[in-house]
Amino acid sequence: MPQKSTEAYPYAFTVSYVERAWQHRWRCSDVTFHCLEGALCQQWVQTIREQLTALTSRPKHLLVYINPYGGKQQGERIYEQKVAPLFTLASISTDVIVTEHANHARDHLRTEAELKQYDGVVCVGGDGMFSEMVHGLVSRTQRDNGVDQNSPEEKLVPCTLRIGIIPAGSTDCICYATVGINDPVTSALHIIVGDAQPMDVCSVHHNNTFLRYSVSLLGYGFYGDVLADSERKRWMGPARYDFSGFKTFLTHHYYEGTVSFLPATDILGTPRDKTRCRAGCFICQHNGQLYSEDAPEICETDPDVSDSEYKGGWRVIRGKFLAINAASMSCACPRSPKGLSPAAHLADGTTDLILVRKCSRFNFLRHLLRHTSKYDQFDMTFVEVHRVRRFRFTPRYCQSDSELDLRENGKRLFSQICRDHPACSCSPAYSSWNCDGEILPHAAIEVGVHCQLIKLFARGIEEQPVFEDLPNPCAV
Ligand SMILES: Nc1ncnc2c1ncn2[C@@H]1O[C@H](COP(=O)(O)OP(=O)(O)OP(=O)(O)O)[C@@H](O)[C@H]1O
Ligand SMILES: CCCCCCCCCCCCC/C=C/[C@@H](O)[C@H](CO)NC(=O)CCCCC
Ligand SMILES: [Ca+2]
């Protein structure tokens, strides 16, 4: 066929579409169509616009919060250069707020934002910014529906607005574990095509008082101590975690206490599975269905009994722990691409409770290093993992009010502890809970998982290899 010059086809229109690239990245590409008649060209453009407008899952108006100080402090630049042009191309209008202080986004969402006019909210920042969005949205939804967040057993009302994450933080584990890569363009495209990924949220209480929500890691011992130390070194940027991680590893503190938990017995999947939570996950769909049909019974027991036993469905384990971690999702991140609990699910209504008992420094190092290799970090005598719906932790030594006051002010009390803590020469009696990168003031906590409480503009990690175009190219 002879090639006709484009002058023979004076009318043209360009369609932008999503193309899959390497390692879960998405890119925006375009193709230009030429035609003879202006009217025909107009008809095509009109029809494509109508088809796109009819897709109700696609957002048209978004509320965007940018943290200018997250990660390497590039949030504003990333949004302006990489994300805003794509939103414009996709005819998405935005209201943008650059935050002026910590909790600005949370408080604005909780009390002021006119949420009815938006199809979703977006944060440009790290896990801390995402946590602000979750707290703002979940609290607002409960308040609007008359639900009391202070009651640990209350069933919470799911949020309708989806949350988009443009990664610009230090760890960005929520983005990594829901998209497969920390890449602002990929995340923007997932928002544009209107993806939806439900996610579990844990509520954390102390003495019938609500403390915080968690979507990724609740860690006592090692990860609590790393965070407490790294908060004092924010000026180091993302490298603070490596520095504090190494320092905390060397201190090798263990903590005594009782963990009681309600195992998730009625579900598909275990923490030792070889299968992974991926886009369209069957286990999340199945267990989510189970949860909505038949909310689990909460059994009250006195956990203060023996080293390990069953009581009314609850299991009780007492011991000396280097780390107690609850991972509601894999917690995969660039530091550990398989994550803290590689087989955990984003939306199955459970959290994986990982107990690392006191062991030698060498063995703990082997355990930590396995997070970064193909070897199983749970296949060690001093590590156990349980998939649970609820759990409680009580430190062996009661925290006094003066200790709590000091912790609120960022200090740690050693003298009191050493008096009360015969087993230690210099070890503190309490660690802190790392709750998605925030320190909790109390060591004694009660945690419950709320299945699929929030939704993200994501679809879960897609199976690889994925180098071909999307089956139905998605016009931007
Ligand atoms: N304008 C602001 N000034 C100071 N702090 C802010 C501001 N806006 C948000 N914050 C707080 O900054 C903290 C850290 O932000 P963010 O999560 O974006 O980055 P990060 O800590 O570097 O990344 P990650 O949480 O992934 O480790 C958040 O807890 C948030 O509450
Ligand atoms: C000596 C070799 C050690 C190698 C160990 C590698 C293990 C890495 C596991 C990483 C798990 C990250 C869990 C994510 C937690 C986030 O909610 C939180 C907020 O961003 N980040 C941290 O607390 C930051 C926590 C950073 C911990 C290092
Ligand atoms: Ca889960």
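Residues numbered from 1 in each chain as written. Chains lettered and ligands numbered in written order. Predicted model: local features only at pLDDT ≥ 70, side-chain atom pairs only at ≥ 80, totals over all residues. Heavy atoms only, no water.

Peer 1: What is the right way to look at the overall build of the protein chain in this model?
Peer 2: Looking only at helices and strands, the protein chain has 12 helices and 17 strands in total. In the protein chain, which comprises 476 residues, the proportion classed as buried is 56%. In the protein chain, once contacts between residues fewer than 6 apart in sequence are set aside, the share between residues at least 24 apart is 77%. (Helix = DSSP H or I, 4+ residues; strand = E, 2+ residues; numbered from the N terminus. Buried < 20%, exposed > 50% of the residue type's maximum accessible area, 1.4 Å probe, protein only. Contact = heavy atoms within 4.5 Å.)

Peer 1: What should I look at first to understand the site of ligand 2 in this one?
Peer 2: Around ligand 2, a shell composed of 18 residues is seen, among which D127, T171, S216, N434 and D436 lie nearest. Between ligand 2 and T171, the relevant distance is 3.3 Å, taken from an oxygen atom to a side-chain nitrogen or oxygen of the residue. Protein burial of ligand 2: of its 700 Å² of free accessible surface, 87% is covered by the chains. Per element, the largest residue contribution to the shell around ligand 2 is three residues, and it comes from helix α10 (residues 361-369). Two domains share the shell around ligand 2, each providing at least three of its residues, namely domain 1 (6-196) and domain 2 (204-451). (Near = heavy atom within 4 Å. Polar contact = N/O pair within 3.5 Å; in protein donor to acceptor, adjacent residues only side chain to side chain. Areas by Shrake-Rupley, 256 points an atom, 1.4 Å probe, with all protein chains shown as cover. Domains from an automatic or database assignment.)

Peer 1: Whenever I open this one, the environment of L109 confuses me. Can you help?
Peer 2: Relative to the helices and strands, L109 is located in helix α3 (residues 104-112). Among the residues examined, L109 registers a relative accessible area of 0% and is labelled buried. Note: C-alpha distance between L109 and L137 (28 residues apart in sequence) is 6.2 Å.

Peer 1: How should the site of ligand 1 be read in this particular structure?
Peer 2: In the neighbourhood of ligand 1, 24 residues make up the surrounding shell, with G71, G126, G128, E132 and S170 lying closest. Here G71 contributes a backbone N or O atom positioned 2.7 Å from an oxygen atom of ligand 1. The contact in question runs from an oxygen atom of ligand 1 to an N or O atom on the side chain of E438, over 3.4 Å. Compared with its free state, where it exposes 620 Å², ligand 1 has 88% of that area covered by protein. At the level of elements, α4 (127-144) and α8 (240-251) are the ones that each hand at least two residues to the shell around ligand 1. At four residues, the largest contribution of residues to the shell around ligand 1 is made by α4. When its residues are assigned to classes, the shell around ligand 1 shows five nonpolar, 12 polar and seven charged. Both of domain 1 (6-196) and domain 2 (204-451) provide at least three residues apiece to the shell around ligand 1. (Nonpolar A, V, L, I, M, F, W, Y, C, P; charged D, E, K, R; others polar.)

Peer 1: Could you clarify how one ought to interpret the nonpolar core in this entry?
Peer 2: A general tendency of soluble globular proteins is for nonpolar side chains to be buried together. In terms of nonpolar packing, the biggest core is built from 47 residues, with L63, Y65, F130, I174 and I454 touching the most fellow members. Looking at this core, you find at least three residues from each of domain 1 (6-196) and domain 2 (204-451). (Core = buried A, V, L, I, M, F, W, Y, C linked by side-chain atoms within 4.5 Å.)

Peer 1: Which parts of the structure should I look at to understand the UniProt feature "domain: DAGKc" (unreviewed entry) in the protein chain?
Peer 2: According to UniProt, the positions carrying the feature "domain: DAGKc" (unreviewed entry) are residues 57-208. With 38% helix and 22% strand, the stretch residues 57-208 has end C-alpha atoms that lie 38 Å from each other. (UniProt positions renumbered as here; feature names shortened; annotations may be inferred.)

Peer 1: Help me out: how do you make sense of the pattern of salt bridges in this one?
Peer 2: Oppositely charged side chains can form a pair if their charged atoms are brought close together. Enumeration over the complete set of coordinates arrives at 21 salt bridges. The closest approach of N and O atoms between D195 and R459, which form a salt bridge, is 2.8 Å. Taken together, the residues D195 in the loop between α6 (184-192) and β7 (197-206) and R459 in the segment after β17 (445-456) connect sequence positions 264 residues apart. Judged by relative accessible area, R459 falls into the partly exposed class, the value being 21%. With a shortest N-O distance of 3.3 Å, R232 and D229 are connected by a salt bridge. Overall, the relative accessible area of 6% leaves D229 in the buried class. In the salt-bridge network here, residues are joined through shared partners; they are R20, D195, R459 and E462. (Salt bridge = Lys/Arg side-chain N within 4 Å of Asp/Glu carboxyl O.)

Peer 1: Explain the coordination of the calcium ion (ligand 3) here, please?
Peer 2: Every protein donor of the calcium ion (ligand 3) is accounted for by D200 (OD), S328 (O), H345 (O), D348 (OD) and T350 (O), and the metal-donor separations fall at 2.3 to 2.5 Å. Each donor residue of the calcium ion (ligand 3) belongs to the same chain, and together they define the spacing D-x127-S-x16-H-x2-D-x1-T. You can see D200 sitting in strand β7 and its partner S328 sitting in the loop between β12 (314-327) and β13 (351-357), a full 128 residues away along the chain. By the burial criterion, D200 is buried, and S328 matches it. (Donors = N, O, S within 2.8 Å, 3.2 Å for Na, K, Ca; no water.)

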